[in-house]
Structures are given as C-alpha cells and as structure tokens.
Amino acid sequence: MGGSGSKSKGFWPFSGSGSVDDATKDGNEQTLARVRSFPGATPFVFTRRGSMFFDEDGDLAHEFYEETIVTKNGRKKAKLKRIQKNLTPQGIIKLDHPCIHVDFPIVICEA
C-alpha cells in the first residue's frame, strides 16, 4: 500500500528535515516546536470547514426538505422533497478548543 509516498523530504509538514536522526537530536524525541521548513506551521488546528448550509430564509441546517402533496388514486399523500438548490455553505468555523492536526506524527499517550 502506498508504494510511492511521503517518505521523501518535505512532504510531512511537521517533520524537520525528514531524517530519523533529526527527531532524536538533543534528547528531545517529541517536541511541539515550530517546524524549520514551515516557520508558521503548528500542530494545532484552529478552524474547520462548516458542514451546514444557509437557505434563502437564512435558516441553518445540514439538509433542507420541502413538503409536497401527491395525489394518487384520489388520495392525497404528503411527501418530503429534498432541496438542493439556492443553498450557500456555512463557510469557515472557528473551533472553541484547538485540535491536533491528523498528520502530526507524534504519539500523545501510550497506555
């Protein structure tokens, strides 16, 4: 699995130079220091993309449905029809508590 991968230099945003000896220099195997290759990179995530949408009325939800009445054999039946048009995404959401990035290659706790 993954024959050509991210083992070469520069693909992991949180690793220093890509070598194994780089992590064990000075006795610090696991540090949360900023990376040399990306000076502004941190292991924390402060924002995420919203998964909800706004409709024309300004309501916020994951999905929107419209009730339609279908007449079949003289009987009226109500059905829900999903609305997929005229929806705008919620956008970027600031997280209450920062999370650790999924690609951060450090073991946090060994039980």
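What this report covers is the structure whose coordinates are included nearby. (Residues numbered from 1 in each chain as written. Predicted model: local features only at pLDDT ≥ 70, side-chain atom pairs only at ≥ 80, totals over all residues. Heavy atoms only, no water.)

### Digging into a nonpolar patch on the surface
- Taken together, the side chains of F44, F46, I100 and I108 make up a nonpolar region of the molecular surface, amounting to roughly 400 Å² of accessible area.
- Mapped onto the secondary structure, F46 falls in strand 1 (residues 44-49).
- On the basis of relative accessibility, which here comes to 47%, the residue F46 falls in the partly exposed class. (Patch = residues over 30% accessible without salt bridge, like charges linked within 9 Å, V, L, I, M, F, W, Y side chains within 5 Å. Areas by Shrake-Rupley, 256 points an atom, 1.4 Å probe, with all protein chains shown as cover. Salt bridge = Lys/Arg side-chain N within 4 Å of Asp/Glu carboxyl O. Helix = DSSP H or I, 4+ residues; strand = E, 2+ residues; numbered from the N terminus. Buried < 20%, exposed > 50% of the residue type's maximum accessible area, 1.4 Å probe, protein only.)

### Here we look at the environment of L87
- With respect to the helices, strands and loops of the structure, L87 is situated in the loop between strand 5 (75-83) and strand 6 (88-89).
- Sequence separation of L87 and E56 is 31 residues, and the distance between their C-alpha atoms is 7.0 Å.
- For L87, the residues in contact, after removing those within four places along its chain, are F53, F54, D55 and F64. (Contact = heavy atoms within 4.5 Å.)

### Details of the pattern of salt bridges
- Here the structure, examined in full by the defined rule, presents one salt bridge.
- In this structure, R82 and E63 form a salt bridge, with 3.7 Å as the shortest nitrogen-oxygen distance. Of this pair, R82 sits in strand 5 while E63 sits in the loop between strand 3 (60-61) and strand 4 (64-72), and the two are 19 residues apart along the sequence.
- For R82, a relative accessible area of 43% corresponds to the partly exposed category.
- Assessed through its relative accessible area of 40%, E63 is described here as partly exposed.

### Some thoughts on the sheet that holds strand 3
- Spatial strand order, 3-2-6: three strands in an open sheet with antiparallel pairing. Each edge of the sheet is formed by a strand with only one pairing partner; in this case those strands are strand 3 and strand 6.
- Where strand 2 (residues 53-54) lies against strand 6, two bridges are found, and the strand directions are antiparallel. Its bridge partner lying in strand 6, F53 is registered against P89. (Pairing = 2+ DSSP bridges.)

### As for unusual backbone geometry
- Positive phi values are uncommon outside glycine, yet N73 reaches one of about 55 degrees.
- Position of N73 relative to the elements: it lies in the loop between strand 4 and strand 5.

### So, the pairing of strand 5
- Relative to strand 5, strand 4 is paired through nine bridges, and the arrangement is antiparallel. Bridge pairing links V70 to K77 in strand 5.
- Linking strand 4 back to strand 5 in an antiparallel pair, the connection comprises two residues, with N73 at a positive phi of about 55 degrees.

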